[in-house]
Amino acid sequence: MTMSNRTTLLLVGAMILAAAPLAAQSAVEPDQVPVSAGLVEDATEPTESTSTAPQIVIQHMRPADQRGLNVFEPPKHDGVPYTGFRLDWGAGFTQQFQAIEHSNTADEVLNDAGTNTNQLMDLGWGFNNATANLALNAQVAPGIRVALTAYLSSRHHSEAWVKDGYILIDESPIDAPILNSLMDVLTLKVGHFEIDYGDAHYRRTDNGNAMHNPFVGNLIMDAFTTQVGAHAYARIRGLIAMAGVTGGEIKGEVRMPDRRGPAFMGKLGYDRQFSDDLRIRLMGSVFTQDRALSNTLYSGDRAGSRYYFVMENTGATVGGQAWSGNVNPGFSNEVTAFMVNPFVEVGGLELFGTAEFSSGSQFEEEGDRSWTQYAGDLVYRMFDDRVYAAGRYNTASGELRNVANEVSVDRIQLGAGWFVTPNILFKGEWVTQQYNDFPTADIRNGGEFDGFVLEGVVAF
């Protein structure tokens, strides 16, 4: 990292610290920005207020703004009354300023045109293109809502396209005692949606909405994909269980049935608010699929990563190489993955962990390869949760196809943020990442990058 970058980072840190007293003065009341809205046992009643956050009018929906922090599953008992059919629009926008440098020690590899494909792109500082989401939610019956999310602009696609669309059912449409009793604890989700594998996807940046991520970047191995299928949840006194089945791919597909198969997933855990200052959550997840035309568990984020062009060669494009800095183990055929996520809130301190173990293969590959990922987040929130500081260590290691030895990638992220209002967030992150034991013919050999990214977020 150059001296100028370090100086700029220090100035940014000073700006955030200087803004802290202002944040404290303009903080909203705690009941205007509930952090426990997703808990089964702790329902939050909606209140009229002069807050800049919009009133929640759709049942069982995680708020897109600051009120959605540390909400995982959509809330079962949120206290939002049914008042007939309602239509609600939402959006998320982000803009980044990036100043990252990278280097490698890879051997020269020339293509037919005589270009070294292992020469890194020359990077400087500047603004990335803004990303944007548009959300449409409809309350169609008591306890039943329909959701649709579109990406208006993303790194991988500059044009608008649909991310997901599904129906969420928390009440029986038939007024029968046995069905009503079942739906007191059950939730059904059907359609094309973000699969619920692990808890890390609830804290990640989703294209234009970066409100719930205390950092700028997501995990090195970013388990995120949308698929067509169904999830069923049961929630009883803090115990949470989920079982799901999908078609196993981003797009609905009926061709080549001998090379396609369903994906199965499940979650089991416990989430409880023991007191105003103590919440403990522990969840375990599994995802398995024995064959697919294109398994996308680790390549399904079609929006792309936040670190533009890092470790990419001189021929890279924004959309063509949209996942810079990520590691995709290449399990395009079969995959079995497990993730364990502990989460603890003690006062203003948050601890969130990820331990992930996966194995799989590509077509015509002999045997399975395995990957392991660990990550730990430490976040401290101050001034009625309006200002925070955060740190993360993330490491992933495993086997690549046609590479004899194991490789690994290590990342450190240090961040801070200020919620100017419940729906406006300014945050910054310093990141450093190292690539270990990659072959000399691989552009990632001896690779590393470091620098900082600033990000402005608006979500409602």
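So, here's what we can say about the structure.

The rules behind the values
- Residues numbered from 1 in each chain as written.
- Predicted model: local features only at pLDDT ≥ 70, side-chain atom pairs only at ≥ 80, totals over all residues.
- Heavy atoms only, no water.
- Helix = DSSP H or I, 4+ residues; strand = E, 2+ residues; numbered from the N terminus.
- Polar contact = N/O pair within 3.5 Å; in protein donor to acceptor, adjacent residues only side chain to side chain.
- Contact = heavy atoms within 4.5 Å.
- 1 Å grid on protein atoms, 1.4 Å probe; cavity = no way out; pocket = protein on both sides within 12 Å on 5 of 7 lines; lining within 4 Å.
- Points joined across faces, edges and corners; volume = space filled by probe spheres on them.
- Nonpolar A, V, L, I, M, F, W, Y, C, P; charged D, E, K, R; others polar.
- Salt bridge = Lys/Arg side-chain N within 4 Å of Asp/Glu carboxyl O.
- Buried < 20%, exposed > 50% of the residue type's maximum accessible area, 1.4 Å probe, protein only.

A few points about the side chain of Arg204
So, step 1. Considering the arrangement of structural elements, one finds Arg204 in the loop between strand S6 (186-194) and strand S7 (226-236).
So, step 2. In terms of polar contacts, Arg204 uses its side chain to reach the side chain of Asp222, at 2.6 Å.
So, step 3. When sequence neighbours within four positions are dropped, the list of residues in contact with Arg204 reads Asn213, Asn218, Asp222, Phe224 and Asp301.

Digging into unusual backbone geometry
So, step 1. Backbone geometry at Asp384 places phi at a positive 55°, although glycine is not the residue there.
So, step 2. Looking at the element boundaries, Asp384 is found in the loop between strand S13 (369-382) and strand S14 (387-399).

Brief notes about empty space enclosed by the protein
So, step 1. Under the definition given, this model contains five cavities of 30 Å³ or more.
So, step 2. Counted as a void, the largest cavity has a volume near 140 Å³.
So, step 3. Together, 16 residues line the largest cavity, and Ala200, His201, Arg204, Leu219 and Asp222 are the ones closest to its centre.
So, step 4. Of all the secondary structure elements, the ones that give two or more residues to the lining of the largest cavity are strand S12 (349-361) and S13.
So, step 5. Here the residues of the lining of the largest cavity sort into eight nonpolar, three polar and five charged.
So, step 6. The computed volume of the second largest cavity comes to approximately 110 Å³.
So, step 7. Lining the second largest cavity are 14 residues, and of these Asn218, Asp301, Gly304, Ser305 and Arg306 lie nearest its centre.

Here's the deal with the layout of surface pockets
In this approach, a probe sized like a water molecule rolls over the atoms, and the result shows the empty space that is left.
So, step 1. Taken as a whole, the largest pocket encloses approximately 900 Å³ of empty space.
So, step 2. Lining the largest pocket are 40 residues, with Met61, Arg62, Pro63, Ala64 and Asn209 sitting closest to its centre.
So, step 3. At the level of elements, strand S1 (86-103), strand S3 (131-141), strand S4 (144-153), strand S5 (161-169) and S6 are the ones that each hand at least two residues to the lining of the largest pocket.
So, step 4. Residue contributions to the lining of the largest pocket peak at five residues, all from S1.
So, step 5. In terms of residue class, the lining of the largest pocket is made up of 19 nonpolar, nine polar and twelve charged.

Overview of the pattern of salt bridges
So, step 1. If you walk through the whole model with that rule in mind, you get 25 salt bridges.
So, step 2. Here Lys163 and Glu194 are joined by a salt bridge, their closest N and O atoms 3.0 Å apart. One end of the pair, Lys163, is in strand S5; the other, Glu194, is in strand S6, with 31 residues separating them in the sequence. An identical accessibility class is assigned to Lys163 and Glu194; each is buried.
So, step 3. One salt bridge connects Arg444 with Asp442, and the closest N-O pair in it is separated by 3.0 Å.
So, step 4. On the basis of relative accessible area, Arg444 is assigned to the partly exposed category, the value being 23%.
So, step 5. Among the charged side chains, a salt-bridge network with shared partners connects Glu73, Asp196, Asp199, Lys267, Asp271, Arg279, Arg281 and Glu345.

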